[in-house]
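Spelled out, the chains give:
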Amino acid sequence: MQSKYPIGILGATGMVGQRFIQLLELHPWFEVAWLAASDRSSGRKYGDAARWRLDSPLPDRIARMTVSPAEPAGAPRIIFAALDADIAREMEPKFAAAGCAVVSNSSAFRMHANVPLVIPEVNPEHLHLIEEQPWRKESGGYMVTNPNCSAIGLVMALKPLEERFGLEQIFVATMQAVSGAGYPGVPSMDILGNVVPYIKSEEEKMEAETLKLLGHLAEHVVEPLPARMTAHCNRVAVEDGHTESVSIKLGNKLGRPVTREEFQPLAGLNLPIAPEQPVEWAPQEDRPQPRLDRNRGRGMGVTVGRLRPCGLLDWKFTVLSHNTIRGAAGAAILNAELLASLGKLEPAPVAAAQA
């Protein structure tokens, strides 16, 4: 790729917006060219508008950039969106209607019938739904979403199992890091020495999104995986890294031969942020652990351990993933890389003809 795609970030001053900036600073395909945030940040230098909270320095070039109004006028064609759902529900369609490719981390449109909810290693074929969106036909714009931060690690662990055996029942209990709540997140007096057994809407999102991600694209809609699922979501005093205890009942594909195979569905595509091994096995009896394993694959890998028979269903195991890299900004960047490899970041034929 001789020149980089200019990209914009909506919600650039928030924690996910900051993670976008960090991960894109040396990206070989994308370059941050536009930053937008709330009205109180608009017109200010980014270094003054944002309280940088990550463990790497704020790049000087980004610090000197002026934060733009969150409007499509003047924005680049490719937008990474890191917005609260209520704001995204109003704003993201405006950018899609203006001809932008909106690669969103928001939950606002994940379950819409014609908006693809995608993990590149799991369901890249769902990207065909882009062509069903009215914005694609009118302006060339569209929206693509990545999943909830707790669903993404689970689904990556389940995908090779579903392909080989099928899945009938899924039980998961999560132990989710405080960074999943953004900044300032959960007050210290509520989380230190404590577990909070409730995260608003999290269980509903996790259940619905998991079944959509593992579902089948039939013509113009996704038919969810016909499995039963339940989720219990808990907030724990961990900075980064979501841990999940999973039990599964295998499905009607039983009887197929079991062989040791590498799960590398993106091999050969050379997507820059994709981990070489998306799902890694931890053989130690007390792993995975957030402190020790969350940064596998530069934070883009998922770690699985403690596989053993389940007395209630068939098998049980533990899953760990980095919630703000693989579960948020990194997931959206990987979606954009896949879109680029498919030629979907170029102007749509209809839009080109109208121009």
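Residues numbered from 1 in each chain as written. Predicted model: local features only at pLDDT ≥ 70, side-chain atom pairs only at ≥ 80, totals over all residues. Heavy atoms only, no water.

1. Things to note about the pattern of salt bridges
Within this structure, the stated rule accounts for 11 salt bridges. Across the salt bridge formed by Arg 89 and Asp 86, the nearest N and O atoms sit 3.0 Å from each other. Highlighted residues: Arg 89 and Asp 86, both in helix 4 (residues 85-97), separated by three residues, approximately one helical turn. As a salt-bridge pair, Arg 136 and Glu 131 come within 3.3 Å of each other at their nearest N and O atoms. The class of Arg 136 is buried, set by a relative accessible area of 6%. Exposure remark for Glu 131: the relative accessible area of 25% places this residue in the partly exposed category. Through salt bridges with shared partners, a single ionic network connects Glu 280, Arg 287, Asp 293 and Arg 296. (Salt bridge = Lys/Arg side-chain N within 4 Å of Asp/Glu carboxyl O. Helix = DSSP H or I, 4+ residues; strand = E, 2+ residues; numbered from the N terminus. Buried < 20%, exposed > 50% of the residue type's maximum accessible area, 1.4 Å probe, protein only.)

2. What to know about helix 1 (residues 15-24)
In terms of residue burial, helix 1 counts as a mostly covered element, since seven of its 10 residues are buried. Inspection of helix 1 places Gly 17, Gln 18, Arg 19, Phe 20, Ile 21, Gln 22 and Leu 24 among the buried residues, and these make up the whole buried set. Tucked inside the fold, the buried residues of helix 1 contact strand 1 (5-10), strand 2 (30-36), helix 2 (46-49), helix 3 (60-64), strand 3 (78-81) and helix 10 (325-341). (Contact = heavy atoms within 4.5 Å.)

3. What about the nonpolar core?
In terms of nonpolar packing, the biggest core is built from 47 residues, with Phe 30, Tyr 46 and Phe 80 touching the most fellow members. Phe 80 has contacts with Ile 7, Gly 8, Ile 9, Leu 10, Phe 20, Leu 24, Phe 30, Val 103, Ala 332, Ile 333 and Ala 336, leaving out every residue within four places of it along the chain. Counting residues in hydrophobic clusters, the runner-up holds 34 residues, among them Leu 117, Ala 157, Ile 248 and Leu 250. (Core = buried A, V, L, I, M, F, W, Y, C linked by side-chain atoms within 4.5 Å.)

4. Topic: the packing of helix 6 (residues 149-165) against helix 8 (residues 202-213)
Contact geometry for helix 6 and helix 8: axes closest at 9 Å, N-to-C directions at 35°. Crossing angle aside, the handedness with which helix 6 passes helix 8 is right-handed. For the pair formed by helix 6 and helix 8, the contact residues are Cys 149, Ser 150, Ala 151, Leu 154, Val 155 and Leu 158 on the first element and Glu 202, Met 206, Glu 209, Thr 210 and Leu 213 on the second. Of the residues that constitute the contact of helix 6 with helix 8, the class distribution is seven nonpolar, two polar and two charged. (Axes fitted to C-alpha atoms, helices over the stretch in contact; angles between N-to-C directions. Left-handed = near helix turned anticlockwise from the far one by under 90°. Nonpolar A, V, L, I, M, F, W, Y, C, P; charged D, E, K, R; others polar.)

5. Some thoughts on the sheet that holds strand 3
The five strands lie next to each other as 2-1-3-4-5, forming an open sheet whose pairing is parallel. At either end of the open sheet lies a strand with only one pairing partner, and these are strand 2 and strand 5 (142-145). Strand after strand, the sheet turns through a mean of 25° between neighbouring axes, direction not considered. Note that strand 1 and strand 3 share four bridges and pair parallel. Counted as the bridge partner of Ile 9 is Phe 80 from strand 3. (Pairing = 2+ DSSP bridges.)

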